[in-house]
Amino acid sequence: MPRFGSAVLLISAVFILPILRLPAQPGRPVPAAAGPETLPDAPQPQLVPTSTEPFGDQLWADGSVAGIEEGLQEKTQQPLAAPDSSPASISGTVTDANGTVIGGATIALESTSPGDRQTAVANERGAFEFHDLKSGIQYRVSIAAKGMAPWKSPPIVLTPGQFFFLTNIKLKLPASSVSVTVYASQEQIATQQVIVAEKQRVFGIIPNFYVTYDSHPVPLTTKLKYGLAYKSATDPVTFLGVAFIAAVYQAGDIPDYQQGWKGYGQRFGAGLADTTTDIFFGGAILPSLLHQDPRYFYQGTGTTRSRALHALSSPYVCMGDNGKLQPNYSSMGGDLISGAISNIYYPDTNRGARLVFQGFLVTTGVRTVNAVIQEFVLRKLTPSARQKK
């Protein structure tokens, strides 16, 4: 080490060089003194310096030491090399979560150095830049834009002359203000409600199309009324139901058709005609002309009494397309018209006004019982309706 090496040289100079000046010891030969006439003029004594680097101390031939303190002072007073103070910079581009640039955003640059704060505004391309920044201190970039959540960078420590590009600046919408408003026409809402109704089946099999479980039903358009009637009349289960009733009537020998396959065919045809005319007149034609809704509006809440009264009144009171309660001319009129048309193909013994009104009362009574079952039972047996909250 330099300091240790200098100490060894200093000790050697102090203890060894004086010995070299001691007089000769006894017993040793002493050279004869030369006469004055044979000696040249003795030169003046000269000091011979000996270097003791690295301190720069000078050691003299006579044993004196000089310059040690001065050398040390010169060494300690030499200036240290100045650190690199080249200015650094930070830049970046402001975008949203989809990568679209956001111009006009306000950018703030803050550091741990008191009072060191700068602001800038992003240009139309979303770019910004801060110049003449110090190295070795911590910076943070904060960004604010109208309608967007604030953004803040992690700590940034620059090196001298560094050009730092800040990436992944993606502003997001504030979580509390994110909302989607969907506007739909009455017809679109009604269409969706009909699509839902056409999936309703008791036990997942028997059509249950003419009931709405929606808490905010909207009026049906004429097109939707006819579409719902067509869907109900042409459903395969409807044909199976007519075939089953025809077999029951065949066994009971009503109406007064003959027996055998021909009679069964007549009963099946009559039943299909009755069902089709009743569905279209009571569920599409009259509701369109009278602006009434042919569906049963499930109540589902309230006391048992209020729900029962709602169901018992449904064959006689319906909802108009104007949202008001009206006499159910469509349902009752559809039953009467269907019964009147049946006079065309029923046997002579099963025709006449009396039988038409008798059939009307029976059909209306069946509708009343069906409404009560609809209100208290069928929803539980209709999978798609049961799953709705």
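Scroll up a little and you will see the structure.
All figures in this text were calculated on a predicted structure; none of them were measured in a lab.

Side note on helix H6 (residues 236-252)
- Here H6 contains 17 residues, and its C-alpha end-to-end distance of 25 Å stays within 8% of the 24 Å for a straight helix at 1.5 Å per residue.
- Within the span of H6, buried status applies to Thr-238, Val-242, Ala-243, Ala-246 and Gln-250. Taken down its axis, H6 places every buried residue within 140° of arc, on the same side. Exposed side of H6, more than 90 degrees from the buried face: Leu-240, Phe-244 and Ala-251 are the residues found there.
- In this structure, the buried residues of H6 make contact with helix H5 (222-233) and helix H7 (260-290).
- The N-terminus of H6 is capped by Asp-235, whose side-chain oxygen sits 3.0 Å from the backbone nitrogen of Val-237.

Examining the packing of aromatic side chains
- What the rule picks out here adds up to 4 aromatic pairs.
- Ring centres of Trp-261 and Tyr-264 lie 5.9 Å apart, and the angle between their planes is 85°; this geometry places the pair in the edge-to-face category. Linking Trp-261 with Tyr-264, this pair stays in helix H7, spanning 3 residues, or about one helical turn.

Brief notes about the sheet that holds strand E12 (residues 163-166)
- A sheet is described by the order of its strands in space; here 3 strands give the open sequence E8-E4-E12, paired in mixed fashion. Strands with a single pairing partner mark the edges of an open sheet, and in this sheet they are strand E8 (127-133) and E12. Strand after strand, the sheet turns through a mean of 15° between neighbouring axes, direction not considered.
- Pairing of strand E4 (residues 88-93) with E8 involves 5 bridges; the strand directions are antiparallel.

Remarks on the packing of helix H8 (residues 304-313) against helix H10 (residues 353-381)
- Where H8 contacts H10, the axes come no closer than 8 Å and their chain directions differ by 140°. For the element pair H8 / H10, the angle class is oblique. By crossing handedness, the relation of H8 to H10 is classed as right-handed. Facing H8, whose interface residues are Thr-304, Arg-307, Ala-308, His-310, Ala-311 and Leu-312, H10 presents Thr-368, Ala-371, Val-372, Glu-375 and Phe-376.

Looking at the environment of Phe-297
- Mapping Phe-297 onto the fold places it in strand E17 (residues 296-297).
- Placed 83 residues apart in sequence, Phe-297 and Asp-214 show a C-alpha to C-alpha distance of 8.2 Å.
- Ignoring any residue separated from it by four or fewer positions in sequence, one finds Phe-297 in contact with Thr-212, Pro-217, His-310 and Met-319.

Here we look at a nonpolar patch on the surface
- Together, Phe-244, Ile-245, Val-248, Tyr-249 and Ile-254 make up an exposed nonpolar region whose accessible area comes to about 460 Å².
- Note that Val-248 resides in helix H6.
- Its relative accessible area of 41% is what places Val-248 among the partly exposed residues.

Here we look at the nonpolar core
- In terms of nonpolar packing, the biggest core is built from 24 residues, with Val-94, Val-141, Ile-143 and Leu-171 touching the most fellow members.
- Contributions of two or more residues to this core are made by E4, strand E6 (106-111), E8 and strand E9 (138-144).
- If we ignore the near neighbours within four places in the chain, the residues touching Val-94 are Thr-100, Val-101, Ile-102, Ala-105, Ile-107, Ala-122, Gly-126, Phe-128, Ile-143, Ile-169 and Leu-171.

Concerning the pattern of salt bridges
- On inspection of all chains with the given rule, the structure shows 10 salt bridges.
- Among the ionic pairs, Arg-125 bridges to Glu-124, the shortest N-O distance being 3.4 Å. A single burial state applies to Arg-125 and to Glu-124, both of which are exposed.
- A salt bridge links Arg-351 to Asp-348; the shortest N-O distance between them is 3.3 Å.

Procedures and definitions
Residues numbered from 1 in each chain as written. Predicted model: local features only at pLDDT ≥ 70, side-chain atom pairs only at ≥ 80, totals over all residues. Heavy atoms only, no water. Helix = DSSP H or I, 4+ residues; strand = E, 2+ residues; numbered from the N terminus. Expected span 1.5 Å × (residues − 1). Buried < 20%, exposed > 50% of the residue type's maximum accessible area, 1.4 Å probe, protein only. Arc of directions from axis to C-beta. Contact = heavy atoms within 4.5 Å. Polar contact = N/O pair within 3.5 Å; in protein donor to acceptor, adjacent residues only side chain to side chain. Phe/Tyr/Trp six-rings, centres within 6.5 Å; stacked < 30°, edge-to-face > 60°. Pairing = 2+ DSSP bridges. Axes fitted to C-alpha atoms, helices over the stretch in contact; angles between N-to-C directions. Parallel < 35°, antiparallel > 145°, perpendicular 65-115°, else oblique. Left-handed = near helix turned anticlockwise from the far one by under 90°. Patch = residues over 30% accessible without salt bridge, like charges linked within 9 Å, V, L, I, M, F, W, Y side chains within 5 Å. Areas by Shrake-Rupley, 256 points an atom, 1.4 Å probe, with all protein chains shown as cover. Salt bridge = Lys/Arg side-chain N within 4 Å of Asp/Glu carboxyl O. Core = buried A, V, L, I, M, F, W, Y, C linked by side-chain atoms within 4.5 Å.

Structural measurements only, silent on function.
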